[in-house]
Amino acid sequence: MKKPKVAIVRIKNGDFLSAVKEAIELAGGLPDKIEKDILIKPNILTFKKTEEETIPIITNPEVVRSIIKIVKEKDYKSKIYVADSSGSGLDTSKVIEKTGFSKLEEEGVTVCQISSNGSTEVEPKNPLKLKKTTFSNLSLNSVIINVPKMKTHTLTRVTLAIKNLFGTIPGMEKSRIHAVGNTAKGFSKCLVDIYSILKDKIVMNVMDASIAMEGHGPSHGSPVKMDLILASKDAVALDAVATSIMDEKPSRVFTTRIASENSYGVSNLDDIEIVGEKIDDVKHKFKMPEKFISFLPIGIFFELNKKQPEYKGSGCIACLRCQKICPVQAIVVDKKEKRPYFDYTKCISCFSCNEICPEGVITITRRKYKKQLLFGGFIGLAFIALILVVSILLA
Ligand code: SF4
Ligand code: SF4
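Just so it is clear, the model here is predicted, and its values are computed rather than measured.

## Quick look at the site of ligand 2
Thought 1: Neighbouring ligand 2 are 14 residues; Cys316, Cys319, Arg321, Cys322 and Cys357 lie closest to it.
Thought 2: The residue inventory of the shell around ligand 2, partitioned by class, reads twelve nonpolar, no polar and two charged.

## Section: unusual backbone geometry
Thought 1: Here the residue pair Gly217 and Pro218 is connected by a cis peptide bond, since its omega of 10 degrees sits within 30 degrees of zero.
Thought 2: A positive phi angle is found at Arg157, which is not glycine, with a value near 75 degrees.
Thought 3: In this fold, Arg157 is placed in strand E9 (residues 157-159).
Thought 4: Non-glycine residue Asn182 carries a positive phi angle of around 70 degrees.
Thought 5: By the secondary structure assignment, Asn182 is in the loop between helix H7 (173-181) and helix H8 (184-198).

## Digging into the site of ligand 1
Thought 1: The full set close to ligand 1 counts 14 residues, and Cys326, Ala330, Cys347, Cys350 and Cys353 are the nearest of them.
Thought 2: For the shell around ligand 1, the per-class residue count stands at twelve nonpolar, two polar and no charged.

## Description of the domain arrangement of the chain
Thought 1: Each assigned domain of the chain is listed here: domain 1 (5-282) and domain 2 (292-372).
Thought 2: A C-alpha centroid distance of 26 Å is found between domain 1 and domain 2.
Thought 3: Considering only residue class, the side of domain 1 that touches domain 2 consists of five nonpolar, ten polar and one charged.

## Describing the pairing of strand E2 (residues 37-42)
Thought 1: In terms of burial, E2 is a largely internal element, five of the six residues being buried.
Thought 2: For E2 and strand E7 (residues 142-147), the ladder comprises six bridges, and the chain directions are parallel. Looking across to E7, one finds that Pro42 is bridged to Val147.
Thought 3: As paired strands, E2 and strand E3 (residues 80-84) are joined by three bridges and run parallel to one another. Of the residues in E3, the one forming a bridge with Ile38 is Ile80.

Conventions adopted
Residues numbered from 1 in each chain as written. Chains lettered and ligands numbered in written order. Predicted model: local features only at pLDDT ≥ 70, side-chain atom pairs only at ≥ 80, totals over all residues. Near = placed C-beta within 6 Å. Nonpolar A, V, L, I, M, F, W, Y, C, P; charged D, E, K, R; others polar. Helix = DSSP H or I, 4+ residues; strand = E, 2+ residues; numbered from the N terminus. Domains from an automatic or database assignment. Buried ≥ 20, exposed ≤ 12 C-beta atoms within 10 Å, placed from the backbone. Pairing = 2+ DSSP bridges.

Here's what the structure looks like:
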């Protein structure tokens, strides 16, 4: 079987166009002929107060501008859209404006929210979790160039090419999918179901790893200057390589593992042809959002490691975004007190509230009662160990 190609290219002297062009060519190039509309799908999740804070969260608009120029050189005669659906509680048009994406209209393309041409209900053929969902018509009827960002993610560990396609789902339907998924693994299955529907429409994935994000992603992490562009026709292979560049095992990312297990792409590095730079030459140890205990292969420790959103105690502006986005109505914002209240008996730890909060005042903490359980567990283990030692000494 022919190995999928993944290109790794350095951005030199801030020249995005040359890097993107080289990456796309190395990855096999764009098709000679496209007769449908073209959807360029970046990550336009949200915006912060300054451009410096915003750029690590979103696909850099300059990467998208480069793609537009490259597509136009092909003379396809297709209509080109740049579209996304921002975080569920947000007005995408405002995010497009605030992130600078609206300026791309000067290239003669339409920049809009993903549902601007309507949406259609679709049932995946072999659903892993998501029996049906509503897709934007733009994503269903176009050829797609997927343009994700390299970032960590509190729920899915990383957000790369497969996760980026979640933005093809309009508005609050995204919240419903979080509720259907319920856990990180369940949600990742939903993401793979979404990928299974869009997979054959994607002609190229171009990943912006110019300034990536580590730690508390996808919107409250720290920037990491990587100066890289990655590209591949296989989103699974691209995610596997990107994860390895972040010095993390691809098998620890549910979306990559589940997609590969279901033959939607290749995640084994030995089965991928890496072109351009070598992984080892560009690798950087990314700070992951999870703590050490999450990798222990014992269900109880996974359970003990569950986290919950928590209000920082100050800084809330009562914008209600967290309340609106919560898929299980576990948040009530008190407008007078200017603070959110959480119902942890309902919360499914999807962390959409943390992602959407413009002030960054919702943090993720380990569940307190779990801490007590953990403490109790250690005391119990210490007690058993003591009994064993005493028994051995007395034997
Ligand atoms: S409270 Fe936050 S983390 Fe919990 S379900 Fe609602 S949006 Fe998700
Ligand atoms: S916690 Fe954040 S998202 Fe929720 S109302 Fe306050 S500022 Fe808005």
